[in-house]
Amino acid sequence: MESFKVPLWKKYTLTIAEASEYFNIGEKKLRQLVQENSTSDFILNNGVKILIKRIKFEAYLDGVYSI
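Computed from a prediction, not measured in an experiment: that's the story for all the values here.

## Focus on the nonpolar core
The tendency in soluble globular proteins is for nonpolar side chains to be buried side by side.
Part 1 of the reasoning: Listed in full, the 12 residues of the largest apolar core are L14, I16, A19, F23, I25, L30, L33, V34, F42, I43, I52 and F57.
Part 2 of the reasoning: If you list the elements that add at least two residues to this core, you get α1 (16-23) and α2 (27-36).
Part 3 of the reasoning: Other than its neighbours up to four places away in sequence, F42 contacts N37, L51, I52, K53, K56, F57 and Y60.

Given below as structure tokens:
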């Protein structure tokens, strides 16, 4: 059976590794951003797994000058 894989640009949430690939930001930097913005609405915690809400994170990046 062939597995279906959703393209990154269509996913609602991204793992740190996927977000790193999609946004061209290192995983270490993404983890730092998550830690510094732990109450932001672009973060979703699924147990111990951190997920980034793609569209909300895009909006966050649109509003900052540097990361």
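So that's the structure; there's more coming.
## Quick look at α2
Part 1 of the reasoning: Among all positions in α2, only L30, L33 and V34 are buried. Mapping the buried residues of α2 onto a view down its axis gives an arc of 100 degrees, with all of them on the same face. Every exposed residue of α2 that faces more than 90 degrees away from the buried side is listed here: K28, Q35 and E36.
Part 2 of the reasoning: Next to the buried residues of α2 lie α1, β2 (43-46), β3 (49-53) and α3 (54-62).

## Regarding the pairing of β3
Part 1 of the reasoning: Direction of pairing for strand β1 (residues 13-15) relative to β3: antiparallel, over a ladder of 3 bridges. Paired with T13 across the strands is K53, a residue of β3.
Part 2 of the reasoning: With 4 bridges joining them, β2 and β3 adopt antiparallel strand pairing. The residue bridging N45 from the neighbouring strand is I50, located in β3.
Part 3 of the reasoning: Counting the residues in the hairpin turn of β2 and β3 gives 2 residues, including G47, whose phi is positive at 70 degrees.

## A few points about the sheet that holds β3
Part 1 of the reasoning: Reading across from one edge, β1-β3-β2 is the order of the 3 strands in this open sheet, with antiparallel pairing throughout. Bordering the open sheet on either side are β1 and β2, each of which pairs with just one other strand. On average, each strand axis in the sheet is inclined to that of its neighbour by 35 degrees, with strand direction left out of account.
Part 2 of the reasoning: Lying on the sheet, α1 is in contact with β1 and β3; it crosses β1 at an angle near 105 degrees.

What counts as what
- Residues numbered from 1 in each chain as written.
- Predicted model: local features only at pLDDT ≥ 70, side-chain atom pairs only at ≥ 80, totals over all residues.
- Heavy atoms only, no water.
- Core = buried A, V, L, I, M, F, W, Y, C linked by side-chain atoms within 4.5 Å.
- Buried < 20%, exposed > 50% of the residue type's maximum accessible area, 1.4 Å probe, protein only.
- Helix = DSSP H or I, 4+ residues; strand = E, 2+ residues; numbered from the N terminus.
- Contact = heavy atoms within 4.5 Å.
- Arc of directions from axis to C-beta.
- Pairing = 2+ DSSP bridges.
- Axes fitted to C-alpha atoms, helices over the stretch in contact; angles between N-to-C directions.

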